[in-house]
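Read off the chains here:
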Amino acid sequence: MKKQPMKTSLPAMAIRNAKILLPGGQMVAGGLTVEQGRIARIGQPNRKTPALDVQGAYVIPGLIDLHTHGIGYTSVFSINDTLQSYAEQEAARGTTAFYPSFFGPVEETIGHLNRHLAETDNLRTVPQVVGFRLESPYLARTGAGRSKDLAPISSTTTRRLLRAGGGWIKIWDISPELPGAPAAIRTLCRSGVVCSIAHTQCTVKQAQAAIAAGARLVTHMFDTFVMPIETDPGVYPAGLVDYLLVEDRVACEIIADGTHVPAFHVEKTLRCKPAGGIILVTDSNFGAGLPPGEYDLPQGWGRAKIAGPNNGVRLIDRDMGLAGSALTPIDGFRNMIRMFHKDIAVASRLCSANPARLLGLNKGEIAIGRDADLLVLSPKLDLLYTVVGGKIIFSRQSQD
Ligand SMILES: [Zn+2]
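Residues numbered from 1 in each chain as written. Predicted model: local features only at pLDDT ≥ 70, side-chain atom pairs only at ≥ 80, totals over all residues. Heavy atoms only, no water.

Q: Hey, could you go over the overall build of the chain for me, with residue numbers and the actual values?
A: Across its full length, the chain carries 10 helices and 22 strands. A compact globule built from 400 residues should have a C-alpha radius of gyration of about 21 Å, and the chain, at 21 Å, falls within 12% of that. If one aligns the C-alpha atoms of the chain with their principal axes, the spans along those axes are about 70 × 50 × 45 Å. Evaluated residue by residue, the chain yields a buried proportion of 57% over its 400 residues. (Helix = DSSP H or I, 4+ residues; strand = E, 2+ residues; numbered from the N terminus. Rg over C-alpha atoms; globule rule 2.2 N^0.38 Å. Buried < 20%, exposed > 50% of the residue type's maximum accessible area, 1.4 Å probe, protein only.)

Q: I'd love a proper account of the sheet that holds strand β18 (residues 313–315), names of residues and values included.
A: Across the sheet, which stays open at both edges, the four strands sit in the order β16-β17-β18-β19 with antiparallel pairing between neighbours. Of all strands in the sheet, those with a lone pairing partner are β16 (293–297) and β19 (321–322), marking the two edges. Of the strand pairs in this sheet, β16 and strand β17 (residues 302–306) are connected by five bridges, and their pairing is antiparallel. Of the residues in β17, the one forming a bridge with L297 is G302. (Pairing = 2+ DSSP bridges.)

Q: With reference to specific residues and values, describe the packing of aromatic side chains.
A: Enumeration over the complete set of coordinates arrives at five aromatic pairs. Consider the rings of Y86 and F98, whose centres lie 4.9 Å apart with planes at 45 degrees: the pair is tilted. Placement of Y86 in helix α1 (residues 83–91) and of F98 in strand β9 (residues 95–102) is noted, with a sequence separation of 12 residues between them. In terms of burial, Y86 and F98 fall into one category: buried. For the ring pair Y138 and W172, a centre distance of 5.7 Å and an interplane angle of 20 degrees mean the geometry is stacked. In this pair, Y138 is assigned in the loop between β10 (132–134) and α3 (155–164) and W172 in strand β11 (residues 169–174), connecting sequence segments 34 residues apart. Taken together, the aromatic side chains of Y73, F286 and Y295 make up a single cluster linked through ring pairs. The cationic tip of K19 hangs over the ring face of Y58; the distance from NZ or CZ to the ring centre is 5.6 Å. (Phe/Tyr/Trp six-rings, centres within 6.5 Å; stacked < 30°, edge-to-face > 60°. Lys NZ or Arg CZ within 6 Å of the ring centre and 35° of its normal.)

Q: Got a sec to walk through the packing of helix α8 (residues 329–338) against helix α9 (residues 344–359)? Specific residues and values, please.
A: Relative orientation of the contacting elements α8 and α9 amounts to 140 degrees, with a least axis distance of 9 Å. The interaxial crossing formed by α8 with α9 has right-handed handedness. Here F333, M336 and I337 of α8 come into contact with α9, specifically with I344, A347, S348, L350 and C351. Along the lines of polarity and charge, the residues of the contact of α8 with α9 split into seven nonpolar, one polar and no charged. (Axes fitted to C-alpha atoms, helices over the stretch in contact; angles between N-to-C directions. Left-handed = near helix turned anticlockwise from the far one by under 90°. Contact = heavy atoms within 4.5 Å. Nonpolar A, V, L, I, M, F, W, Y, C, P; charged D, E, K, R; others polar.)

Q: An account of helix α4 (residues 181–190) is needed here, citing residue identities and associated values.
A: Those residues of α4 that fall on the buried side of the exposure criterion are A181, A184, I185 and L188. All buried residues of α4 project into a common sector of 100 degrees when viewed along the axis, lining one side. (Arc of directions from axis to C-beta.)

Structure follows, in structure tokens:
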């Protein structure tokens, strides 16, 4: 296995007087101790150990976002933005690990990958960035994108993009109906990339071929999938979404803002998929987390209207169509509880444990030996601290 570069100095820390969410979903009173950036002990630290007293606040695993294009005033599409400023804004919204997700013409994406890897010393300076995602170019339908963002599958293009990613491309979206899709999925899986079924109107048979080749994720389930056509009058048509709901080998992403996916579809997906089979993502864009208003998106994506975290980023010049969401990870987590009526344990599983397991990260749960990526939340679920590898990278007090 390829050795990953060391990304942090590894601090020690301790937390006391917390309510700690354990992997089984139990909430226990106590504390924890971090050594070498990992959780070393669970339980109240002894009195002599200097510790952060959180006065009864919740401590949960940090949130992991597999699908994000931007947040606040930053965007992966802008040549003026750094991953460092992206990561800082993510930290303030509870994200401890994320995959900046590219969508654009091949040459532009290669330029962004080169620039970000050079600026961060191959990601060493941004421990929250655990890899990259390519949503384009291998798509059959553009969604909010443009046709120049798409390209036919070719082994040369795949090789060039993988090389530009320096081993850090970890998720790659593919429409199963494109010529060469199963072979490309097999190649990417061999390179350690998780392939995701995306932006498609493929047949069930084509999806089965993609999954047999190794695809293990579905990109924003329900969004950019087409409704099946009734072929036998009076018979309920069965389509791709119905199949993916009961195909246990693939996990389904859900944009949990209530706009991209109505609440009853979220409930349906929860009832259909196994425990590890749903992952909340934001698909956030420039503007997520900003106050309501009109904003200019970078790199010619046009003017957008933001009307709060749950209403999406809407392109004014393109009939108010959606271009990703205005959701931040902590908003999605809280929506799971307040909008979709699940408990903290379920919300945490969908935002932390499930994405960590799919991507093979040593994160996503509070257990001995796991990376100490944690959030401290008030009883009202306000974010008080974000901790990555045992280091506090966001504190609400320092903002007040
Ligand atoms: Zn996206």
